[in-house]
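Report on the structure
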Amino acid sequence: MVGRAVDELQQQSLKKFCSPSKLIDEEKHILSAFAAAFFLTSGVPPRPSQAKSLRYDWDAKTGSSRNLFIVLGMVVLANPAAKQQRKNTQECLWVLPRSLAAPTMFFLGVVRPALVRLLSQLKGDVSEHLMHIFVHPFPVRNSLLWSGSDVNAALQKHTPTITVKFTGTLLRNATTAMLRKFFPSLTSVNQLHDSLLDQQAQHRRSTGDTHYGRDLDIPRSLAMTIDRARGYIATSQAIHALYGLGIPDESSQIILSSSHFFASRQLEEAAFMEARFQVLSVYLVRWGGDKMLLAQAVQNTLTGAPYIAVNDVQGVIGDMVLRRVLNVLLFGAAGPAAGTPPPPSGYTPEDVGVAVTLIIRALKEWLQGQHCDLTTGSLIDIKAIQHLKTCEIKVVDYVRKVKERHPAMWVQLSKDTIDIRIPKPACLPDFTLGTYGLPDEATGQNIMC
């Protein structure tokens, strides 16, 4: 939603002169969209009242630190004002999804400076706009800074299809409940005992974190150890995974490895690799490297949809591509254990729908006749993410109808999926002939077998 708002502003500025009132309105709209997106996707969000404390630049008068950082290559907000009266800040960190990071940096680095320059001519003092993220162009209820009610209004404005009126407090409760259910490892107490590295260096963990081999990817002004930062990052990335906005990085995967949700996502990633292989070896192999022929073949395959077509004559649903992808999705690369029976009424439409969606995604990687990576982790375009999520919803709805209309075929599809075995190669090359694929250091020629 933030990216869309920024795109609209850029298009309008290219078409005609952007009036001061128009720029102010657009900045308010983008900030509102950012507030909703940040609170919805950051993990357990801050309290609505803490939004006003978040700065993108430090306060030269009071020395208060900024809250916007780049950590391990990710855009994060951290350390808001503390709820307790005797504390200034509360240690915490939220990671922005990749699809939100770029529009946010454009907004704060291009749109906000333009607004500041305009406001400096209209009203003089723009000190709050130079530091705070959530700030009104002009005072609202005698304050420039956002209140909790402003956050709640932004959430409700950008979630019109949700019947429950979202508030920041309700969202905190709902997000915590989701994380507890799908990622129970995040609720366990982390004692952070002294590591073997600290013991060999003959000091405590706190000493090692503070004085020895500090990770330069963690800004010193963040006042946070690498272990604490990784824990917060894992929490944010868990929410990103739930919403299909990205996949956890390697360190987060270790923290989240006990989650049944994450286990299924790992199989989904393996199934997508299988879908890629099947698409190339079954649907596209005959067309070689001709871009126009490849693009046409993709369009023809998407139109004919052999992977989910119903063949009443043969009494089957879909083709072997669907069965192989579904097999990996359900059981991983190793396949099912011997004697594993399918469910009496077949697998769920949701499982088959995900397999079909992965095949469609693998096909669309070649939509232009050349490969375009559409793995979840590589997507930063929010329109592409939204399209793929909408595609999955439509596919599952269609597959559910197929199951209702053809129950016997559906059961057979599930049996076929269980019975699939990886075929042995029809022939093996003579490995005693040819080369190893390595050049000889002396001659520069390829080393022969």
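Conventions used here
- Residues numbered from 1 in each chain as written.
- Predicted model: local features only at pLDDT ≥ 70, side-chain atom pairs only at ≥ 80, totals over all residues.
- Heavy atoms only, no water.
- Helix = DSSP H or I, 4+ residues; strand = E, 2+ residues; numbered from the N terminus.
- Buried < 20%, exposed > 50% of the residue type's maximum accessible area, 1.4 Å probe, protein only.
- Areas by Shrake-Rupley, 256 points an atom, 1.4 Å probe, with all protein chains shown as cover.
- Core = buried A, V, L, I, M, F, W, Y, C linked by side-chain atoms within 4.5 Å.
- Contact = heavy atoms within 4.5 Å.
- Pairing = 2+ DSSP bridges.
- Expected span 1.5 Å × (residues − 1).
- Salt bridge = Lys/Arg side-chain N within 4 Å of Asp/Glu carboxyl O.
- Axes fitted to C-alpha atoms, helices over the stretch in contact; angles between N-to-C directions.
- Left-handed = near helix turned anticlockwise from the far one by under 90°.
- Nonpolar A, V, L, I, M, F, W, Y, C, P; charged D, E, K, R; others polar.

Quick look at the overall build of the protein chain
- On a plain count of helices and strands, the protein chain comes out with 15 helices and 9 strands.
- With 449 residues in all, the protein chain has 42% of them scored as buried.
- Here the protein chain displays about 24,800 Å² of accessible surface, and carbon together with sulfur accounts for 57% of that area.

Some points on the nonpolar core
- In this structure, Tyr307, Val356 and Ile359 are the most contacted members of the largest nonpolar core, which totals 37 residues.
- Secondary-structure elements contributing two or more residues to this core are helix H10 (260–284), helix H11 (291–304), helix H12 (320–331), helix H13 (349–364), helix H14 (382–405) and helix H15 (407–419).
- Here this core takes 9 residues from H13, the largest share from any one element.
- In this structure isoleucine 359 touches Ala275, Val279, Tyr283, Tyr307, Val321, Leu322 and Val325, once residues within four positions along its chain are discounted.
- The next biggest cluster of nonpolar side chains, apart from the first, holds 31 residues, and it includes Ala37, Tyr56, Leu77 and Ile133.

A word on the pairing of strand S2 (residues 74–78)
- Of all 5 residues making up S2, 5 are buried, and the element is well covered by its neighbours.
- Taking every second residue as pointing to the same face, both faces of S2 are buried, with Met74, Val76 and Ala78 on one and Val75 and Leu77 on the other.
- Summarising the sheet, strand S1 (residues 68–71) and S2 pair through 4 bridges and their orientation is antiparallel. Paired with phenylalanine 69 across the strands is valine 76, a residue of S2.
- Once S1 ends, the chain turns through 2 residues before running back antiparallel as S2, passing leucine 72 with a positive phi of about 50°.
- Alignment of S2 against strand S3 (residues 93–95), held across 3 bridges, turns out to be antiparallel. Pairing of leucine 77 across the sheet is with tryptophan 94, part of S3.

What to know about H15
- The first and last C-alpha atoms of H15 sit 19 Å apart over 13 residues, in line with the 18 Å expected at 1.5 Å per residue.
- Every buried residue of H15 is listed here: Met409, Trp410, Leu413, Ser414, Thr417 and Ile418.

Considerations on the pairing of strand S4 (residues 135–140)
- Of the pairings in the sheet, the one linking S4 to strand S5 (residues 143–145) comprises 2 bridges and is antiparallel in character. If you follow valine 140 over to S5, its bridge partner there is serine 143.
- Counted along the chain from S4 to the antiparallel partner S5, the turn is 2 residues long, and its residue arginine 141 has a positive phi close to 55°.

Description of the pattern of salt bridges
- Under the defined criterion, the tally for this structure stands at 9 salt bridges.
- Close ionic contact of arginine 323 with aspartate 416 constitutes a salt bridge, the shortest N to O distance being 3.2 Å. Of the two residues, arginine 323 sits in helix H12 while aspartate 416 sits in helix H15, which places them 93 residues apart along the sequence.
- A single network of salt bridges, built from pairs that share partners, joins Arg276, Glu365 and Asp373.

Some thoughts on the packing of H12 against H13
- Put simply, H12 and H13 touch, their axes get as near as 9 Å, and they point 115° apart. In the crossing of H12 with H13, the sense of the turn from one axis to the other is right-handed. Side by side, H12 and H13 meet where Val321, Leu322, Val325, Leu326, Leu329 and Leu330 of the first sit next to Asp351, Val352, Val354, Ala355, Val356 and Ile359 of the second.
- Each residue belonging to the contact of H12 with H13 can be placed in one class, and the counts come to 11 nonpolar, no polar and 1 charged.

The values reported here are purely geometric and, on their own, carry no functional implication.
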